[in-house]
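# Chain and residue survey
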Amino acid sequence: MELNRETAMRLWSKTFGKETSVFDFSGRKIVKGAYNDRNSEFAWNVDHIYPQSKGGATNDSNLIVCHILTNDEKADKFPCFTANKQNFEIIKVQNHYEIKNLSNVKDVKQSEGTNFLDSASGIRLFKNLKGIQNKPRFVGSVFVKLENVENTALIDFVEKLFDEENISFNVKGNYYNTTTTILLKNYDMPLKEDISEMLNKCVVLNTYLGSYFKEKDITSNYEIIFRVDNFKEKEEMYINDKEITNEIENASENDFSNSLRVNELVVINSEAKEKIECTNERYYEYNYVYTNLSENLKKEASRR
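So, a few notes on the structure that sits alongside this text. (Residues numbered from 1 in each chain as written. Predicted model: local features only at pLDDT ≥ 70, side-chain atom pairs only at ≥ 80, totals over all residues. Heavy atoms only, no water.)

### Re the pattern of salt bridges
Any two side chains of opposite charge can pair, given that their charged atoms come close. Keep this limit in mind: Salt bridges are identified by distance alone: a Lys or Arg side-chain nitrogen within 4 Å of an Asp or Glu carboxyl oxygen. Buried, partly exposed and exposed residues are distinguished by accessible area as a fraction of the type maximum, computed with a 1.4 Å probe on protein chains only: under 20%, between the cut-offs, and over 50%, respectively.
With the rule as written, the count across this model stands at 13 salt bridges. With its nearest N and O atoms 2.8 Å apart, the salt bridge here joins Asp 229 to Arg 227. Side by side, Asp 229 and Arg 227 carry an identical accessibility label, which is buried. One salt-bridge network, held together by shared partners, links Arg 227, Asp 229, Glu 247 and Arg 282.

Pasting the structure below:
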């Protein structure tokens, strides 16, 4: 079936929350940034539980996030099918359908999550988590600095734009001059698509801040810094997290730049590499905006 990306991402968030890599109901690993990417081993999309060809509805209760291969194997089979060498049955529960695993597989993390009241389920989760502690980590940090925020709805706007990231913010200054800083973190960005997606959000924010919020004096000045760091394992990430946060804050200029800046790992792992030549600079100016959006926002700002 074909669903738009926005719907698929909403279903991911509804099912898995802020997790960026999980296992589908058949035990195949999927990664959020690999949506509909058949070139990735972690590709996923959305399937109807009760097949659409048999009258299955396209609503959340009848949709499931799963690996593309799992989707291909399930297809429109009903009520029984095999996926990832396991046997499943689609059963009706009250007014909706669910997928029941008929195989005796103990080491698969099911899509419905962990039952922490079941000791075996809880310990199985712990053992699975132990196995991923030493994998390389790519961490994305977005630092947003705003001067004299006239309405805190702007802060809520930024939170909504980056609604899948860990967010904290701080306000400092005096009555006449206040600076609001917002720090957004994504602690697991394994794919280049993840970095590109975050960069796109930064460009969207840069467009709104420069073309509307600053024009309407909702903020007098702003600055955005997007940085990606690589760690060999999770422990190294924890040890260096605070130091990185401090470094980003110190890198912010005393005079607001009213622009977006990125570091080298962002450049070489995103479309920015086609627009910026890497040198020895810590951060690179990437003051791009979405042209059509910018023009429309300026029209909105001109209305009194």
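The structure having been displayed, the exposition proceeds.
### Describing the packing of aromatic side chains
Between two aromatic rings, the relevant description is the distance of the centres plus the angle of the planes. Rules: Only rings of Phe, Tyr and Trp enter the pairing, Trp through its six-membered ring, and a pair is recorded when the two centres are within 6.5 Å. The plane angle decides the type: under 30 degrees is stacked, over 60 is edge-to-face, the rest tilted.
As enumerated under the stated definition, the model contains 14 aromatic pairs in all. Between Tyr 35 and Trp 44, the aromatic rings sit 4.9 Å apart at their centres with planes inclined by 55°, giving tilted as the arrangement. Each member of the pair Tyr 35 and Trp 44 is classed as buried. Ring geometry for Phe 78 against Tyr 97: centres 6.2 Å apart, planes inclined by 80°, an arrangement best described as edge-to-face.

### Here's the deal with the nonpolar core
Nonpolar side chains tend toward joint burial in soluble globular proteins. Short version of the rule: As used in this record, nonpolar core signifies buried Ala, Val, Leu, Ile, Met, Phe, Trp, Tyr and Cys residues forming a set joined through side-chain atoms within 4.5 Å. By definition, any uninterrupted DSSP run of H or I lasting at least four residues is a helix, any uninterrupted run of E lasting at least two residues is a strand, and each is numbered from the N terminus. Contact criterion: two residues are considered in contact whenever any of their non-hydrogen atoms come within 4.5 Å of each other.
Judged by nonpolar contacts, the single largest core of 33 residues is most densely connected at Val 142, Phe 162, Ile 224, Phe 226, Leu 260 and Val 262. Mapped by element, the contributors of at least two residues to this core are strand S8 (137–147), helix H4 (153–161), strand S10 (178–186), helix H5 (192–213), strand S11 (221–231), strand S12 (260–262) and helix H7 (264–268). Apart from the residues within four sequence positions on either side, Phe 226 is in contact with Gly 140, Ser 141, Val 142, Ile 195, Met 198, Leu 199, Cys 202, Leu 260, Arg 261, Val 262, Asn 263 and Val 266. Within the second largest apolar cluster, 13 residues are counted, among which are Leu 11, Phe 16, Val 22 and Trp 44.

### Topic: the sheet that holds strand S5 (residues 80–83)
Going by this rule: At least two bridges found by DSSP between two strands are what make those strands a pair. Helix axes are fitted only over the stretch in contact, all axes being lines through C-alpha atoms; the angle between N-to-C directions runs from 0 to 180 degrees.
Read from one edge of the open sheet, three strands run S5-S6-S7, paired in antiparallel fashion. Each edge of the open sheet is held by one strand with a lone partner, namely S5 and strand S7 (96–101). If you compare each strand with its neighbour and ignore which way they point, the axes differ by 35° on average. Here strand S6 (residues 86–93) pairs with S7 via six bridges, running antiparallel. Within S7, the residue paired with Ile 90 across the bridge is Ile 99.

### Examining the pairing of strand S3 (residues 44–48)
The buried count for S3 comes to five of five residues, which makes it a mostly enclosed element. Residue alternation in S3 divides its side chains into two sets, Trp 44, Val 46 and His 48 and Asn 45 and Asp 47, and both sets are buried.

### Regarding helix H8 (residues 291–302)
For the record, the criterion: For a helix, the expected span equals 1.5 Å multiplied by the number of residues minus one. Directions pointing from the helix axis toward each C-beta atom define the arc.
Over its 12 residues, H8 runs 17 Å from end to end, which matches the ideal 16 Å to within 8%, given 1.5 Å per residue. Of all the residues in H8, the buried ones are Ser 294, Leu 297 and Ala 301. Mapping the buried residues of H8 onto a view down its axis gives an arc of 65°, with all of them on the same face. Residues Asn 292, Lys 299 and Ser 302 are exposed on H8 and point more than 90 degrees away from its buried face. Of the surrounding secondary structure, the elements contacted by the buried residues of H8 are H5.

### Concerning the packing of H5 against H8
Condition: An angle below 35 degrees is read as roughly parallel, one above 145 as roughly antiparallel, one from 65 to 115 as roughly perpendicular, and any other as oblique. We call a crossing left-handed when the near helix sits turned anticlockwise from the far one by less than a right angle, and right-handed when that turn is clockwise.
Look at H5 against H8: their axes get within 8 Å of each other, and the N-to-C directions meet at 30°. Regarding the angle of H5 to H8, the classification is roughly parallel. Along this stretch, H5 crosses H8, giving a crossing that reads as right-handed. Facing Thr 207, Tyr 208, Ser 211 and Tyr 212 of H5, the residues of H8 in contact are Leu 293, Ser 294, Leu 297, Lys 298, Glu 300 and Ala 301.

### Description of unusual backbone geometry
The omega angle of the peptide bond from Phe 78 to Pro 79 is 5°, so this bond is cis rather than trans. Mapped onto the elements, Pro 79 comes out in the loop between helix H2 (68–74) and S5. Of note, Asn 36 is a non-glycine position whose phi angle comes to about 60°, a positive value. The phi torsion at Asn 84 lies on the positive side, around 55°, for a residue other than glycine. Examined against the element boundaries, Asn 84 turns out to sit in the loop between S5 and S6.

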